[in-house]
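# Overview (structure and organization)
Chain by chain, the residues run as shown.
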Amino acid sequence: MHELSIALQLIDQVQELAHQRNVHVVAVQIQVGELSGVVCEALQSAWELARKATSMSEVKLDIEAVEAVGYCGNCQRETEIASIQLHQCLQCGNWIERIIRGHELDIIALQVET
Amino acid sequence: MNTQTRLVEVRTKILKKNDEKARALRQRFHTHGVYVVSLVSSPGSGKTLFLEKVLKRLSSKFKVAALVGDLATENDATRLARSGVPVRQIVTGTVCHLEADMVENAIDGWDLDDLDVLLIENVGNLVCPATYDLGEDYRLVLFSVTEGEDKPLKYPTIFNTADAAIITKTDLATAVEFREDIALQSVHSVRPGLPVFKVSSKTESGLDEWISALNTRYNDS
């Protein structure tokens, strides 16, 4: 499981962003895609552990899970996929051409004290 | 909460450092004309024997080298060094996957102008390597006939980051009653259109097909 190493890199990044902007961070909002290879619950636990000995021991982590979305060549548009085990368009049943969303592992915003 | 807060939008990758390092590595490899192939699979699916046979075949045409990742031991590097090509082991300690900076450190001192193809064997793990870009051009995911036809369904993420899949140990297919049709269905269900190669590194069947596909990709790169 690599969630702890992800949490440590997240802490480094947030500390750097907070330093650049000279802000005091209260919470971090991130997006985790269904196909990112990261388990949200494991990352949340890893975060609780990793933040302890840092300047961010009180900082909350808000994780938004992002469902995988594909592009269907037949419907010529974005489409929900049946599941990550079945990359079929939910509208027409054709195989999707590519994944458009679902690989996210992004920091979206910082909640900071004013 | 007593203190007032506001939201500052940042929109950046959590693994920004690894992504940037991987991008720089890819650029560096391209500048020196090195084509990079990475291999991922679960432990014991036959990455090292596949590499051993592939290095031997490729070395007649290309200047090749390999990096092999493991949590512990230098066994794989020692074994592969017998092929006569430059091989380095990356011992990750407790880390369950390779990261771009480990690759960068491992190639330190190598003259990249003297290389055409670099093969990187990741740590045996079908979960964590999916998240890390290593700067490779071509990522292969391997699974053996002894692991079951539904491996792709259990690990869809890694199949989604791969450029091709290889079914290994096909010489054992009959003995373990491996159903190729079901395995192919599993691959294409999680990744429609992904090229699949069937290989027995032991008997060397199917190796030429993969090497010819690699040649095409190398020439197009």
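Small disclaimer: the values here were computed from a predicted structure and weren't measured.

Analysis parameters
- Residues numbered from 1 in each chain as written.
- Chains lettered and ligands numbered in written order.
- Predicted model: local features only at pLDDT ≥ 70, side-chain atom pairs only at ≥ 80, totals over all residues.
- Heavy atoms only, no water.
- Core = buried A, V, L, I, M, F, W, Y, C linked by side-chain atoms within 4.5 Å.
- Buried < 20%, exposed > 50% of the residue type's maximum accessible area, 1.4 Å probe, protein only.
- Helix = DSSP H or I, 4+ residues; strand = E, 2+ residues; numbered from the N terminus.
- Contact = heavy atoms within 4.5 Å.
- Buried area = accessible area lost by both parts, 1.4 Å probe.
- Salt bridge = Lys/Arg side-chain N within 4 Å of Asp/Glu carboxyl O.
- 1 Å grid on protein atoms, 1.4 Å probe; cavity = no way out; pocket = protein on both sides within 12 Å on 5 of 7 lines; lining within 4 Å.
- Points joined across faces, edges and corners; volume = space filled by probe spheres on them.
- Nonpolar A, V, L, I, M, F, W, Y, C, P; charged D, E, K, R; others polar.
- Pairing = 2+ DSSP bridges.
- Axes fitted to C-alpha atoms, helices over the stretch in contact; angles between N-to-C directions.

A separate point is the nonpolar core. Of all hydrophobic cores here, the largest spans 30 residues; its most connected members are Val37, Phe50, Leu119, Tyr138, Leu140 and Trp210 of chain B. The set of elements that each furnish at least two residues to this core consists of β2 (35-41), α2 (47-58), β3 (64-70), α3 (75-81), β5 (117-121), β6 (138-144), β7 (164-168) and α8 (207-220) of chain B. What Leu140 of chain B contacts, discounting residues up to four positions off in sequence, is Val37, Ser38, Leu39, Val40, Phe50, Ala164, Ile166 and Trp210 of chain B. In this structure, Val28, Met56, Val59 and Leu110 of chain A belong to the second largest nonpolar core, which totals 29 residues.

A word on the interface of chain B and chain A. Residue-level contacts link 31 residues of chain B with 38 residues of chain A. Both sides of the chain B and chain A interface together cover about 3,100 Å² of buried area, and 58% of this is carbon and sulfur. On the chain B side of the contact with chain A, Arg6, Val10 and Ile14 of chain B bury the most area, a combined 21% of that side's loss. If you look at where chain B meets chain A, you find 2 salt bridges.

There is about 430 Å³ of room inside the largest pocket. If you go around the largest pocket, you meet 21 residues; those closest to its centre are Asp19, Ala130, Thr131, Tyr132 and Asp133 of chain B. When the residues that make up the lining of the largest pocket are grouped by side-chain class, the tally is 6 nonpolar, 5 polar and 10 charged. Counted as a void, the second largest pocket has a volume near 180 Å³. Taken together, 13 residues make up the lining of the second largest pocket; nearest its centre are Gly37, Val38 and Val39 of chain A together with Val127 and Thr157 of chain B.

Residue and element names in this part refer to chain A. Summarising the sheet, strand β3 (residues 69-72) and strand β4 (residues 77-83) pair through 4 bridges and their orientation is antiparallel. Within β4, the position partnered with Cys72 by the bridge is Arg77. Bridge count for β4 against strand β5 (residues 86-89) is 2 bridges, and the pairing is antiparallel. Each residue of the ladder has a partner; that of Ile81, found in β5, is Cys89. Joining the antiparallel neighbours β4 and β5 is a turn of 2 residues.

The two faces of a sheet get side chains in turn, since along a regular strand they alternate between them. All names here are of chain B. The buried fraction of β6 amounts to 7 of the 7 residues, a majority that puts the element mostly inside the structure. Alternating positions in β6 separate into two faces, Tyr138, Leu140, Leu142 and Ser144 on one and Arg139, Val141 and Phe143 on the other, with burial throughout. Of the strand pairs in this sheet, β2 and β6 are connected by 5 bridges, and their pairing is parallel. Directly across from Leu39, in β6, lies its bridge partner Leu140. Here β6 runs beside β7; their pairing, made up of 5 bridges, is parallel. If you follow Ser144 over to β7, its bridge partner there is Thr168.

Pairing within the open sheet is mixed, and its 4 strands lie in the order β2(A)-β1(A)-β7(A)-β1(B). Of all the strands in the sheet, just β2 (60-66) of chain A together with β1 (5-13) of chain B have a single pairing partner and so form its edges. Each strand of the sheet is rotated relative to its neighbour by a mean of 20°, with strand direction disregarded. Of the strands in this sheet, β1 (25-33) and β2 of chain A are in contact with helix α2 (residues 40-51) of chain A, which crosses β2 of chain A at around 165°.

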